[in-house]
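If you want the building blocks of each chain, they are given just below.
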Amino acid sequence: MAGQILAGIRVLELGQLIAGPFAAKTLADFGAQVIKIEPPGQGDPLRKWRLLHEGTSVWWEAQSRNKQSVCVDLRQQEGQDIVRMLAREADVLIENFRPGTLEKWGLSWEALHELNPRLIMLRISGYGQTGPKAREPGFAAIGEAMAGLRYLNGEPGRAPVRAGLSLGDTIAGLHGALGVMLALYQRDARGGVGQVIDTALYESLFNLSESLLPEYSVFGAVREPAGASLPGIAPSNAYPCQDGYVLIAGNGDAIYTRLMARIGRDDLGQDPALAHNDGRARRVEEIDAAIGAWTQERRIDDVLAAMLEAGVPAGRIYSIADIAKDPHYRARNAITSMESAAGVQVEMPAVFPYLSSNPGAVRERAPTLGEHTDAVLASVGLTEEQRAALRAKGVIA
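The text that follows walks through the structure, step by step, so that each part is easy to find. (Residues numbered from 1 in each chain as written. Predicted model: local features only at pLDDT ≥ 70, side-chain atom pairs only at ≥ 80, totals over all residues. Heavy atoms only, no water.)

Regarding the overall build of the chain
Counting its secondary structure elements, the chain contains 19 helices and 13 strands. A burial count over the chain gives 43% of its 397 residues as buried. For the chain, contacts bridging at least 24 residues in sequence account for 67% of all contacts bridging at least 6. Summing over all exposed atoms, the chain offers an accessible surface of approximately 19,800 Å²; the carbon and sulfur share of this is 55%. The averaged location of the 47 negative side-chain charges in the chain is 3 Å from the averaged location of its 40 positive side-chain charges. (Helix = DSSP H or I, 4+ residues; strand = E, 2+ residues; numbered from the N terminus. Buried < 20%, exposed > 50% of the residue type's maximum accessible area, 1.4 Å probe, protein only. Contact = heavy atoms within 4.5 Å. Areas by Shrake-Rupley, 256 points an atom, 1.4 Å probe, with all protein chains shown as cover. Lys, Arg positive; Asp, Glu negative; His and termini not counted. Charge placed at Lys NZ, Arg CZ, Asp CG, Glu CD.)

Pasting the structure below:
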């Protein structure tokens, strides 16, 4: 088996919380050396988010695996000088501060590009580096709203809901990681130089908006919230059972026919007006009512068994407890675990996507705060005496 694809690529991560660090985690999982710069004292705020074990977030253990922690105060001149030293040796720099922050510290793209023309800079922000909203603060929830996602989530006539996860951050992080890979390919395979990747949270989600804008531009149609259904594609919904809800996606033409036969509604399955999706979409309430009448008399397991026999896509709605014990997840090695610095085993998602010849790997646990400060700074020439002086000033920790 060949080595990891990004082995030898050095990434300097200046970001905090989710979007920038998620992009860096993705690169680290495939072999990149990620040097995470954290402020002395508390470090990345993610260390204290959600549930803590002995004072450290278990989310941190998943988000920061395969990384090295270096504590540097970026507000001090000497701290900014350290970033310049590290940037000279880096392939990629990732940041997700509000636009203008790095410029205030003398760490603009122009300044860093002059130091290292091969440097690739990933900049993730709420609204991008340009435009009238560029300098406004923007978290995932705001990006989700601006991209139209929050408008669609929920039941008709009720307040919009969020997905329960920071999708704006992680999807922006994935877009950013893709941008880094494209820029590395341009630089290393095509003789290019470094470049900036400008990733906005709202644009990353907007990129996933499917037919929303084409339908509005041609028909003036505004898709409205539709709860658990998928508007215009039928049948696809969550249906009540005796012990919960089940998802059934019978929207393929042949699949629809098999579904209707299985629930004893060949009158609907053989109706020529319902042979294709456009006809079914016009009568979706009638079709959903027929499916719901059948499912509500059965348990989830019985419905799933019947759908499997009929070749109709269906599934239960998983909680994280269901995921943790599901045999398919385990058979695919989709869940991995790592012992934290505190000695607790933490389960987390494995490395995705799977590559047959160059798979990613969880190599190292998440670092303690400043664990690698001395080793990394020594590698760029700072002597023990210089580090001691910087530590005395609070520049490093």
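What to know about the sheet that holds strand E9 (residues 236-241)
Strand order in the open sheet made by the 3 strands is E9-E10-E11, with antiparallel pairing throughout. Looking at strand neighbours, the two that pair on one side only are E9 and strand E11 (314-316), the edges of this open sheet. Along the sheet, successive strands turn relative to each other by an average axial angle of 30 degrees, direction set aside. Examined bridge by bridge, E9 and strand E10 (residues 244-249) share 6 bridges and lie antiparallel to one another. Directly across from Tyr239, in E10, lies its bridge partner Val246. (Pairing = 2+ DSSP bridges. Axes fitted to C-alpha atoms, helices over the stretch in contact; angles between N-to-C directions.)

A closer look at the nonpolar core
Grouped together as the largest cluster of nonpolar side chains are 28 residues, with contacts concentrated most on Leu12, Leu14, Ile37, Ile82, Leu93 and Leu102. Of all the secondary-structure elements, those providing two or more residues to this core are strand E2 (33-38), helix H3 (77-89), helix H5 (109-115) and helix H18 (373-379). The biggest single contributor to this core is H3, with 4 residues. The contacts of Leu14, once residues within four sequence positions are left out, are Ile37, Val83, Leu93, Ile94, Glu95, Phe97 and Leu102. One finds Leu6, Ala32, Val92 and Ala183 within the second-largest nonpolar core, a separate group that totals 25 residues. (Core = buried A, V, L, I, M, F, W, Y, C linked by side-chain atoms within 4.5 Å.)

Some words on the pattern of salt bridges
A complete count under the given rule lists 28 salt bridges for this structure. The salt bridge involving Glu371 is made with Arg365; its shortest N-O contact spans 2.9 Å. By relative accessible area, which is 34% here, Glu371 ends up partly exposed. Here the salt bridges do not stand alone but share partners, grouping Glu13, Lys36, Asp44 and Lys67 into one network. (Salt bridge = Lys/Arg side-chain N within 4 Å of Asp/Glu carboxyl O.)

Examining the sheet that holds strand E8 (residues 196-200)
Strand order in the open sheet made by the 6 strands is E5-E2-E1-E6-E7-E8, with parallel pairing throughout. Of all strands in the sheet, those with a lone pairing partner are strand E5 (67-71) and E8, marking the two edges. Across the sheet, the axes of successive neighbouring strands diverge by a mean angle of 20 degrees, strand direction being ignored. Alignment of strand E1 (residues 10-13) against strand E6 (residues 92-95), held across 3 bridges, turns out to be parallel. Among the inter-strand pairings, Glu13 is bridged to a residue of E6, identified as Ile94. In the packing of helix H8 (residues 167-189) onto the sheet, the strands contacted are E6, strand E7 (120-125) and E8, and the crossing angle to E7 comes to about 160 degrees.

Some thoughts on the side chain of Arg123
Its place among the elements puts Arg123 in strand E7. Polar side-chain contacts of Arg123 include one of 2.6 Å to the side chain of Glu95. Ignoring any residue separated from it by four or fewer positions in sequence, one finds Arg123 in contact with Glu95, Leu102, Glu103, Gln129, Val196, Ile197, Asp198 and Thr199. (Polar contact = N/O pair within 3.5 Å; in protein donor to acceptor, adjacent residues only side chain to side chain.)

Focus: the packing of helix H11 (residues 253-262) against helix H14 (residues 284-295)
H14 packs onto H11 with a crossing angle of 45 degrees between their chain directions and a minimal axis gap of 10 Å. As far as their axial angle goes, H14 and H11 are oblique. For the element pair H11 and H14, the recorded crossing hand is left-handed. Seen from H11, the contacting residues are Tyr256, Leu259, Met260 and Arg262; seen from H14, they are Ile287, Ile291 and Trp294. (Parallel < 35°, antiparallel > 145°, perpendicular 65-115°, else oblique. Left-handed = near helix turned anticlockwise from the far one by under 90°.)

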